[in-house]
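One-letter residues, chain by chain:
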Amino acid sequence: MQEPKQERSVRTRDQILRAAAELLEEHGYRGTRMREVARLAGVTLGAVYFHFPDKEALARAVMNAQPETVVPYLESSGLQRLVDITLVWSWRLRTDLLLRAGVQLAVEQGAFGVRDATSFTDWEKTLEACLVEASANGELREGVNPAEVAEFIVGTCTGTQLHSQLMSGRADLTDRVVRMWRLLLPGLALDGVASTIDLDPLRGKVEA
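No experiment lies behind these values; they were computed from the predicted model shown.

K.L.:
Would you mind showing me how to read the overall build of the chain here?
P.N.:
Helix and strand content of the chain: nine helices and zero strands. Tracing the chain from N to C terminus, the helices and strands come up as α-α-α-α-α-α-α-α-α. Relative to the 2.2 N^0.38 estimate, which gives 17 Å for 208 residues, the radius of gyration of the chain is 19 Å and therefore close to what a compact globule would have. Each principal axis of the C-alpha atoms in the chain carries an extent, and together these give about 60 × 45 × 30 Å.

So this is what it looks like as structure tokens:
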């Protein structure tokens, strides 16, 4: 049976993104060529340009695909979901090329003339939704502002992964994220709630 056109297009786009991620991580933005992306993805150069009009558009798509590599693996809710997002993110940064390249590009984008905050604001919206749900569930302390906390966590995780990359090649990133939550949860969660949040690092070790 022939694959539906829309599904084939989605699959081709994903192949291109993952090929681009591999090349971008290895060669950086300036060293990556669209022709090489097409070759590695196993598609025509025309197919690459059909989905992405230029290299900047492709790089932006890689940057902004980060949540897609994490959120589908989650089933928890509220404050636990907030924690789980960061745990899955910390594990998948070691194994998922698309996520790793997206994080690298987001941090380094100024060096190649791009200023796109979408990857950061998308994460903030994702985390804010968890905090709004946690508030509705009666998990948060009075006065906790979901938008402010989400913004703070995104900034903290960005700095934490850079530190971890420098110190251990991200081998200790999950442990650093767990320590982060041990510091933050008592100030966010109501008495008795923080102790119910599972901080087991293995919660983040999900399979694609």
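Continuing now.
K.L.:
Before we go on, may I ask you to explain unusual backbone geometry in this structure?
P.N.:
For residues other than glycine, phi is negative in most cases, and the peptide bonds are mostly trans. Not every positive phi belongs to a glycine, and Arg 170 is a case in point at roughly 75°. Inspection of the secondary structure puts Arg 170 in the loop between α8 (146–168) and α9 (173–188). Owing to a relative accessible area of 6%, Arg 170 belongs among the buried residues under this scheme.

K.L.:
How should I be thinking about the nonpolar core in this particular structure?
P.N.:
In a soluble, globular protein the nonpolar side chains are often hidden away together inside. Counting 35 residues, the largest nonpolar core has Val 70, Leu 79, Leu 82, Trp 89 and Trp 181 as its most contacted members. For this core, the secondary-structure elements that each account for two or more residues are α5 (78–95), α6 (97–108), α7 (118–136), α8 and α9. Broken down by element, the residue count for this core peaks at eight residues, all from α5.

K.L.:
Help me understand the environment of Tyr 49 in this model?
P.N.:
Tracing the sequence through the fold places Tyr 49 in helix α3 (residues 45–51). In the structure, Tyr 49 is positioned 55 residues away from Gln 104 in sequence and 23 Å away in space, judged by C-alpha atoms. Not counting the four nearest positions on each side in its chain, Tyr 49 is found in contact with Met 34 and Asp 54.

K.L.:
Can you walk me through the state of the cysteines in this structure?
P.N.:
One pass over the full model with this rule turns up zero disulfides. Here Cys 130 is not disulfide-linked; the sulfur of Cys 157 is the nearest cysteine sulfur, at 12 Å. On the basis of relative accessibility, which here comes to 3%, the residue Cys 130 falls in the buried class. Judged by relative accessible area, which is 8%, Cys 157 ranks as buried.

K.L.:
Is there a simple way to explain the side chain of Arg 92 in this structure?
P.N.:
For Arg 92, the location among the structural elements is in helix α5. There is a polar contact of 2.9 Å between the side chain of Arg 92 and the backbone oxygen of Thr 69.

K.L.:
I keep staring at the pattern of salt bridges and nothing clicks. Help me out?
P.N.:
When their charged atoms lie close together, side chains carrying opposite charge are able to pair. All told, the structure shown has 11 salt bridges when counted by the stated rule. A salt bridge links Asp 116 to Arg 60, with the shortest nitrogen-to-oxygen separation between them at 2.8 Å. Residue Asp 116 is located in the loop between α6 and α7, and its partner Arg 60 is located in helix α4 (residues 55–64); the two are separated by 56 residues in the primary sequence. By relative accessible area, which is 10% here, Asp 116 ends up buried. Put simply, Arg 203 and Asp 198 hold a salt bridge, and the shortest N to O gap is 3.4 Å. Look at Arg 203 and you get partly exposed, because its relative accessible area is 32%. Each member of the salt-bridge network shares a partner with another, and the members are Asp 14, Arg 18, Arg 92 and Asp 96.

What counts, and where the lines are drawn
- Residues numbered from 1 in each chain as written.
- Predicted model: local features only at pLDDT ≥ 70, side-chain atom pairs only at ≥ 80, totals over all residues.
- Heavy atoms only, no water.
- Helix = DSSP H or I, 4+ residues; strand = E, 2+ residues; numbered from the N terminus.
- Rg over C-alpha atoms; globule rule 2.2 N^0.38 Å.
- Buried < 20%, exposed > 50% of the residue type's maximum accessible area, 1.4 Å probe, protein only.
- Core = buried A, V, L, I, M, F, W, Y, C linked by side-chain atoms within 4.5 Å.
- Contact = heavy atoms within 4.5 Å.
- Disulfide = S-S within 2.5 Å.
- Polar contact = N/O pair within 3.5 Å; in protein donor to acceptor, adjacent residues only side chain to side chain.
- Salt bridge = Lys/Arg side-chain N within 4 Å of Asp/Glu carboxyl O.

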